[in-house]
2 protein chains.
Amino acid sequence: MITFILDTDSKTPLYMQLYSYMKQEIESGSIRAGEKLPSKRALSAHLKVSIVTVETAYAQLLAEGYITSKPGSGFYAECSFEETDKVSSPSQLNETAPEISQIEYDFRTNRIDTSDFPFSTWAKLSREVLSERSSDLLNACHHQGMISLRTEIASYLKKFRGMEIAPEQIVIGAGSEYLTGLIIQLLGRDNAYGVENPGYSKIYEIFSANTSRVFPIPMDEKGASAEAITGFGINVLHVTPSHHFPLGIVMPVSRRQELLRWANSRGDRYIIEDDYDSEFRYAGRPIPTLQSMDRNGRVIYINTFTKSLAPSMRISYMILPEQLCRKFTDRLGFYSCTVPVFEQLTLTRFMKNGHFDRHINRMKKIYRYRRDILCQKISESKLGSFVKISGCDAGMHLLLTVENGMKQNELIASAAKEHTRVYGLSEYYSFPVADMPENTVVAGFSGLNEQQLVRGAEALERAWI
Amino acid sequence: MITFILDTDSKTPLYMQLYSYMKQEIESGSIRAGEKLPSKRALSAHLKVSIVTVETAYAQLLAEGYITSKPGSGFYAECSFEETDKVSSPSQLNETAPEISQIEYDFRTNRIDTSDFPFSTWAKLSREVLSERSSDLLNACHHQGMISLRTEIASYLKKFRGMEIAPEQIVIGAGSEYLTGLIIQLLGRDNAYGVENPGYSKIYEIFSANTSRVFPIPMDEKGASAEAITGFGINVLHVTPSHHFPLGIVMPVSRRQELLRWANSRGDRYIIEDDYDSEFRYAGRPIPTLQSMDRNGRVIYINTFTKSLAPSMRISYMILPEQLCRKFTDRLGFYSCTVPVFEQLTLTRFMKNGHFDRHINRMKKIYRYRRDILCQKISESKLGSFVKISGCDAGMHLLLTVENGMKQNELIASAAKEHTRVYGLSEYYSFPVADMPENTVVAGFSGLNEQQLVRGAEALERAWI
């Protein structure tokens, strides 16, 4: 299959890189005229890019006549461009192939607007760390991370989440992906792991890369249920109760209690509570974390600074119940902490001096405002009569269910024609389910400013009306 | 068993922490009088500390009468100190129980003297990065690491190791431990992995934590051999050909060719070449790496900046053969790079401006000088007549085989009485072998200055004469 290293460092969008690469391959004859191209889904899986990236690249290649689409069969390379002057006729440009050149409003999920990060404060603290702590800066730290940072995290969790944690229970690591891998090593690869379906695709991929026993768990309107788990033989369940990704469900207390009862009923059962964007909660009363409701050491809590600070900072932490702390030191204590001391010292200062609290409060206001703008704009426009908004009580994204007769891919493609990108909910299912949503898209609002949100909503109105 | 969280951040040595903890447990009655204590080896494995740490703590407790030793049976807690005034008689202080209060000369292996790190240059470059690159600093980078850093690494390897690498083959990660875990995920947990025995204990632990199929490979005087691998069904071999840890063997070209022939003879065979301290080579002509001798994409090369810069910096890299690069992107491309962009940008500058080359050259001179001091001091003292030095052509440690009738533990204990610590070679065997060395200790020289090396050698002379 087409193998091509996408440069995510580049300013050039991924779809444009893919478009340019394929155009060149066709022009040079490396992809021969008439050759069948991989399906959009297969290429998306192969290159590990979203299907929208591939769709957009294919659409552009179609529009320029480099490839053709045969309904029911797929995409084929055209004769190399030197040989023919042929440009595709308008009829070839079906609804998945809009004539687009650029996406202006990208409702990407979990996107951080880094312009809101208090960089000058961070840089000032970094400089202080550099000038004051030279010996600590060069020596290896405790394998669970520096005790000073773990103390700050424990104090933050007590103050803002009402969680009673000892710093000794905290393990700091270079990202939740890494920590999830450690959890699998700690609990054992032979457990049966359950992950939410739909869910954050990386979670499924991490479990698949580390164990052969991972099972998708169907969701109801309250999230994963004990009933849904039964039958798979699952004994370790990964959940996102604060704000399910992508459905946006905030798991009610009754369901949390049900899951804890499930975990308590056997000694080898655990729940991994991924609290990835819990800092940003806009409506309803706060619900205690599973970790703080747990009296029997069945919950491993995991959270990240990647979403609350910046994507370039790979700092996450997990909280282990006491008996797992001992097991962790016994079995995995040989691993060095993966986060550099420099970042740990800077973050410690950032938290200690109250900058983290202020930053979170500020971002919460900003994200709430962005959510409100988007919801208001949709409700007040013509979209209001046929678009249902859901999953918007917390986090950085919401769902739009569109009752205009269009299916998901038509919704995406018509939005793309208006230079706007939304994401199909079905893309987040690791496994298809019977009642797959057909006309729902996911829209992240955290990475767009007020003007972009307003114009993006206007573009959706033009696209879907 | 005794469970106790050691604080490696603390200035208090680990053995002293363990001593204080056990003393308090005995005084408080938590460990009851007459209770059998875990064996030194079991406690060392349980707490993940070196056996020397436990030995030193036990020796101190013995010396102060908190515990007693029953030959052939083990260690027992004494009546609590309040009840008796009993102090152990000199006869109880056998050779494993020296009256020591502090180790002054610790020949620990792989220790970096951080005072030699050009910290002010690093801090200056860090400040430049902070002031110049604010947008890059906050956004996620390519999953294999920043292309700018990978380009610098490729150029360094070409210049100093004659290796022809494309930056696209390089994957940057937070430490060799993390990258080794990724390699296992990439190749698959079902392979049969071979690790050198003796070897760096973490390597065995990493493989054990990630796969159930890891086998210790016996070593001959040239290292691991194709013959030794046969019979285990091994298809992936982890080796340290540049300077074996702890035997110090530099694998000759003929043996490297033999291993490559082994790897080439079947499509699923790979060699993981861990080049962890290859920068520091003092004698003999340079031998090409397995990676650069490999014509068939069978070698994964791994190296780290932790040993060449500072232990607090978790930056390592691996070089994948071309077909594994594609597989890596396909299967594991979803993982974010675990090294913060800030460290990557600073290291890129450090390498680009020639500081890394200069630092390595300087450290090589320093380590060579330290090795020479230690070897000379041993050869010229009375030790010269009965101590054989080996494994000193490269790296940061050497072996001392002592022909004075003492066994390994006596050598360690008598050195400890002279406030000097050396390490038993047998400790590095994941599995016992028939011809286990009985009178060889490992001495690292990289973390001691000239005066400490001289005095340490003098202490060994007093201890072993």
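The paragraphs below set out a description of the structure included in this document.

What counts, and where the lines are drawn
Residues numbered from 1 in each chain as written. Chains lettered and ligands numbered in written order. Predicted model: local features only at pLDDT ≥ 70, side-chain atom pairs only at ≥ 80, totals over all residues. Heavy atoms only, no water. Core = buried A, V, L, I, M, F, W, Y, C linked by side-chain atoms within 4.5 Å. Buried < 20%, exposed > 50% of the residue type's maximum accessible area, 1.4 Å probe, protein only. Salt bridge = Lys/Arg side-chain N within 4 Å of Asp/Glu carboxyl O. Helix = DSSP H or I, 4+ residues; strand = E, 2+ residues; numbered from the N terminus. Pairing = 2+ DSSP bridges. Axes fitted to C-alpha atoms, helices over the stretch in contact; angles between N-to-C directions. Parallel < 35°, antiparallel > 145°, perpendicular 65-115°, else oblique. Left-handed = near helix turned anticlockwise from the far one by under 90°. Contact = heavy atoms within 4.5 Å. Nonpolar A, V, L, I, M, F, W, Y, C, P; charged D, E, K, R; others polar. Least-squares fit on C-alpha atoms with pLDDT ≥ 70 in both. Phe/Tyr/Trp six-rings, centres within 6.5 Å; stacked < 30°, edge-to-face > 60°. Lys NZ or Arg CZ within 6 Å of the ring centre and 35° of its normal.

## Examining the nonpolar core
Step number 1: Trp464 of chain A together with Leu400 and Trp464 of chain B are the most contacted members of the largest nonpolar core, which totals 206 residues.
Step number 2: Among the nonpolar cores identified, the runner-up in size contains 57 residues, and Ile184 and Leu320 of chain A together with Val214 and Val236 of chain B belong to it.

## Examining the pattern of salt bridges
Residues and elements named next belong to chain B.
Step number 1: Scanning the model with the defined rule gives 39 salt bridges over all chains in all.
Step number 2: Taking the shortest distance from any N to any O, the salt bridge between glutamate 128 and lysine 124 comes out at 3.4 Å. One end of the pair, glutamate 128, and the other, lysine 124, are both in helix H4 (residues 119-132), four residues apart, so they sit about a helical turn from each other.
Step number 3: A relative accessible area of 22% places glutamate 128 in the partly exposed class.

## Examining the sheet that holds strand S14 (residues 423-424) of chain B
Step number 1: Ordered in space as S11-S12-S15-S14 (chain B), the four strands form an open sheet in which the pairing is antiparallel. Looking at the sheet topology across the chains shown, the edges are occupied by strand S11 (387-390) and S14 of chain B.

## Here's the deal with the packing of helix H6 (residues 147-161) of chain B against helix H14 (residues 355-380) of chain B
Residues and elements named next belong to chain B.
Step number 1: Running from N to C, H6 and H14 cross one another at 40°; their axes reach a closest spacing of 11 Å. Here H6 is positioned oblique relative to H14, judged by the angle of their axes. Crossing geometry of H6 relative to H14 is assigned as right-handed. For the pair formed by H6 and H14, the contact residues are Tyr156, Lys159 and Phe160 on the first element and Phe356, Asp357 and Ile360 on the second.
Step number 2: When grouped by side-chain class, the residues that make up the contact of H6 with H14 number four nonpolar, no polar and two charged.

## Here's the deal with the sheet that holds strand S5 (residues 193-197) of chain A
All names here are of chain A.
Step number 1: Spatially, the seven strands line up as an open sheet ordered S4-S10-S9-S8-S7-S5-S6, and their pairing is mixed. Lying at the two open borders of the sheet, with one neighbouring strand each, are strand S4 (170-173) and strand S6 (214-218). Here the strands of the sheet are splayed against their neighbours by 25° on average, with no regard to which way each runs.
Step number 2: When S4 meets strand S10 (residues 316-319), the two strands line up antiparallel, connected through four bridges. Considered in S10, the bridge of valine 171 is made with methionine 318.

## Quick notes on the relation of the copies chain B and chain A
Step number 1: Mapping chain B onto chain A calls for a screw motion: a turn of 180° about the axis and a shift of 0.1 Å along it, with 0.1 Å RMSD after fitting. This pairing of chains is accounted for by a two-fold axis.
Step number 2: Residue by residue, 98% of the interface of chain B is reproduced at the interface of chain A, so both copies engage with the same surface.

## Observations concerning the packing of aromatic side chains
Step number 1: Under the definition given, this model contains 36 aromatic pairs over all chains.
Step number 2: Measuring from centroid to centroid gives 5.2 Å for tyrosine 193 of chain B and phenylalanine 207 of chain B, while their planes differ by 45°, and the two rings are tilted. Of this pair, tyrosine 193 of chain B sits in strand S5 (residues 193-197) while phenylalanine 207 of chain B sits in helix H8 (residues 201-210), and the two are 14 residues apart along the sequence.
Step number 3: By relative accessible area, tyrosine 193 of chain B is classed as buried at 0%.
Step number 4: Classification of phenylalanine 207 of chain B by relative accessible area gives buried; the value is 0%.
Step number 5: Aromatic ring contacts, followed pair by pair, group Tyr156, Phe160, Tyr301, Phe305, Tyr317 and Phe356 of chain A into a single cluster.
Step number 6: A cation over a ring is seen here: arginine 298 of chain A above tyrosine 270 of chain A, with NZ or CZ 4.4 Å from the ring centre.

Shape is all these values report; function is a separate question.
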